[in-house]
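# Descriptive structure summary
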Amino acid sequence: MSTPDTDGPLAEQLLRLTRRLHRIQKRHLEPVGVTPAQSRLLRTLAHYDAPPRMADLAQRLEVVPRAVTSLVDGLESGGLVRRAPDPSNRRVIRIELTDAGQDALKKLRSARRAAAEDILAPLTAEQREVLGGLLSALVDDPGDRC
C-alpha cells in the first residue's frame, strides 16, 4: 500500500512561486539595466564599509569566484562598479560602487518594492502577516547548515 505524496503538490507550488518571483523581479529590474544576480551583488556591495575583494563577495554571495568575476564584468561595463587596486597590496583588487552604482541602488530599492507589491497584491494585510511568519520559519531554519 503506497502512501500519498502530500508534500509533492506543495513542492510544486513553491517551485512555481520561485519561477514567478524571478520573472516579476526580472521585469522590474530591466529598466534599471541589471539582472537579478547583478542586483544582489550591488546590494551586497552596499553593506561593506570598505570595498571588498572579489573573494569576499563570492563568499558572502555563496557562489564560486568566477561567477563574481562575470557579474563584476557586466556591472563594470555599465559603469556601476569599478575595480580598484588595494592601497596596501597592489596584487589585490577591490570592487567599489561608482556614483552611477549608488544611483542604481536607489532605483533597485524602488524596483524591488514594486516587484514585492505585484507578488503580494492578491493577499490581505492579515495574509501577508501570516506569510511573513511562515517564511521566517523557513528562511531562519536553525537546522539548515548550508
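From a predicted model like this one, the values you see are computed outputs, not experimental measurements.

## A look at the nonpolar core
- With 22 residues, the main nonpolar core has V34, L41, L42, V68 and V81 as its most contacted residues.
- Of all the secondary structure elements, the ones that give two or more residues to this core are helix 2 (36–45), helix 3 (54–61), helix 4 (65–77), strand 2 (89–97) and helix 5 (99–120).
- Apart from residues no more than four positions distant in its own chain, L42 is found in contact with V34, L75, L80, V81, L97, L105 and L108.

## Topic: the pairing of strand 2
- As defined by bridge partners, strand 1 (residues 81–86) adjoins strand 2 across 6 bridges and the pair is classed as antiparallel. When the bridges of strand 2 are listed, R82 appears paired with E96.
- The hairpin formed by strand 1 and strand 2 contains 2 residues between the paired strands.

## Considering the packing of helix 3 against helix 4
- Contact geometry for helix 3 and helix 4: axes closest at 8 Å, N-to-C directions at 110 degrees. The orientation of helix 3 with respect to helix 4, classified from their angle, is roughly perpendicular. Crossing angle aside, the handedness with which helix 3 passes helix 4 is right-handed. In this structure, helix 3 contributes M54, L57, A58 and L61 to the contact, and helix 4 contributes P65, V68, T69 and V72.
- For the contact of helix 3 with helix 4, the per-class residue count stands at 7 nonpolar, 1 polar and no charged.

Reading the values: rules and limits
- Residues numbered from 1 in each chain as written.
- Predicted model: local features only at pLDDT ≥ 70, side-chain atom pairs only at ≥ 80, totals over all residues.
- Heavy atoms only, no water.
- Core = buried A, V, L, I, M, F, W, Y, C linked by side-chain atoms within 4.5 Å.
- Buried < 20%, exposed > 50% of the residue type's maximum accessible area, 1.4 Å probe, protein only.
- Helix = DSSP H or I, 4+ residues; strand = E, 2+ residues; numbered from the N terminus.
- Contact = heavy atoms within 4.5 Å.
- Pairing = 2+ DSSP bridges.
- Axes fitted to C-alpha atoms, helices over the stretch in contact; angles between N-to-C directions.
- Parallel < 35°, antiparallel > 145°, perpendicular 65-115°, else oblique.
- Left-handed = near helix turned anticlockwise from the far one by under 90°.
- Nonpolar A, V, L, I, M, F, W, Y, C, P; charged D, E, K, R; others polar.

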